[in-house]
Amino acid sequence: MIDLHPRAVGLFPVARGFFSAVAAVAAALLILSVPAYPHAGEFILAKFIPGKGRLAIEITIDCTGHPLIRSEAEAHQTLSKTLTLISGGHSRQIGEIAPLRFERRTSIDPETPIPKDAHDTERPHQIVTAHWQSDLPMGSITLQNAPDSGQSVILWQPSSTPGEQPRWTMLVPGDTSPAIVIEPAAASRVLPYALAGGTVLVIAIAAMLRSRRISTSPQLSSPKPSTTAETP
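Here is a short report on the structure shown in this document. None of the values given here were measured: they were computed from a predicted structure.

The residue Gln-151 is located in the loop between strand 7 (139-145) and strand 8 (152-157) in this model. Within polar-contact distance, the side chain of Gln-151 engages the side chain of His-66 at 2.9 Å.

The structure is reproduced here in structure tokens:
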């Protein structure tokens, strides 16, 4: 599980020097201090859900009045190249690993860790969400906001405990997330025990068959003494 920080100022990690830190802190202060934030268009929202041997991500952008994205096609292009997955020293855009499935929405996920505007529901929204998921080998990965994305990403994980705030981090362009641990799939966790049990069973059956062959094989009998009397 990724070690994201709770919704508090100054706790998210920033990996790209002083200017990145200033930009991220300023954005976080804006999120936390303005009670009537207009909408989520200033950020790309990326919800991720790690599972056993897999990872699912939802990337959302609000195109309503967006200064950079003027059409749904542009939204698709932006979401396709926003996140890069880094594993074992190799990096690939998530769209190169598995395809993205796009859908239109009229509202942002209510669990998203950004302030809600009570008047924001009064106007129509043009929201585009990209769904992505892929099987991944067990180990540690990170997600990077593309250096040329031009927008910050709020990367967040829904809470598994009712009433608990989701954990999140902000990635300015070029930033990488803390490590996300991919646990082994359920089948792969059982496989070593199954192999060990199968090996023991094979050995036991082989020993039983060998013992049965020995017990049923004919025994060599010693020659009986002759009862014929010798003639003088």
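After that view, the rundown keeps rolling.
What follows is about the sheet that holds strand 7. The strand order 4-3-7-10 describes an open sheet built from four strands, whose pairing is antiparallel. Among the strands making up the open sheet, the edge pair consists of strand 4 (90-93) and strand 10 (180-182). In this sheet, neighbouring strand axes are inclined to one another by 30° on average, regardless of whether the strands run parallel or antiparallel. As judged from the three bridges shared by strand 7 and strand 10, these two strands associate in the antiparallel manner. In the strand pairing of strand 10, Ile-141 is matched with Ile-180.

Another aspect to go through is empty space enclosed by the protein. Inspection of every chain in the model, using the stated rule, returns one cavity of 30 Å³ or more. Empty space within the largest cavity amounts to approximately 60 Å³. Around the largest cavity sit Leu-45, Lys-47, Glu-58, Thr-60, Arg-105, Ile-108, Asp-109, Thr-112 and Trp-156, which together line it. Residue assignment for the lining of the largest cavity shows that the elements contributing at least two residues are strand 1 (43-51) and strand 2 (54-62).

Calculation criteria
- The numbering scheme is per chain: residues are counted from 1 as the chain's sequence reads.
- Only residues with pLDDT of at least 70 are given local features in this predicted model, and only at 80 or more are side-chain atom pairs given and counted; all residues enter the totals for whole chains, interfaces and linings.
- The basis for every side-chain value is the complete set of non-hydrogen atoms in the structure, without hydrogens or water.
- Under the DSSP-based scheme used, a helix requires at least four consecutive residues in state H or I and a strand at least two consecutive residues in state E, with every element numbered from the N terminus.
- Polar contacts here mean pairs of N or O atoms no more than 3.5 Å apart (in protein, one a potential hydrogen donor and the other a potential acceptor; neighbouring residues in sequence count only if both atoms are side-chain atoms).
- Strands are labelled as partners when DSSP assigns at least two bridges between them.
- With axes taken as lines fitted to C-alpha atoms, and helix axes fitted only over the stretch in contact, angles between N-to-C directions fall between 0 and 180 degrees.
- In this analysis, the protein atoms alone were mapped onto a 1 Å grid. Cavities are point sets where a 1.4 Å probe fits without being able to get out; pockets are open sets with protein on both sides within 12 Å along at least five of seven lines; lining residues have an atom within 4 Å of a point.
- Grid points are joined across faces, edges and corners, and a volume is the space filled by probe spheres set on the points.

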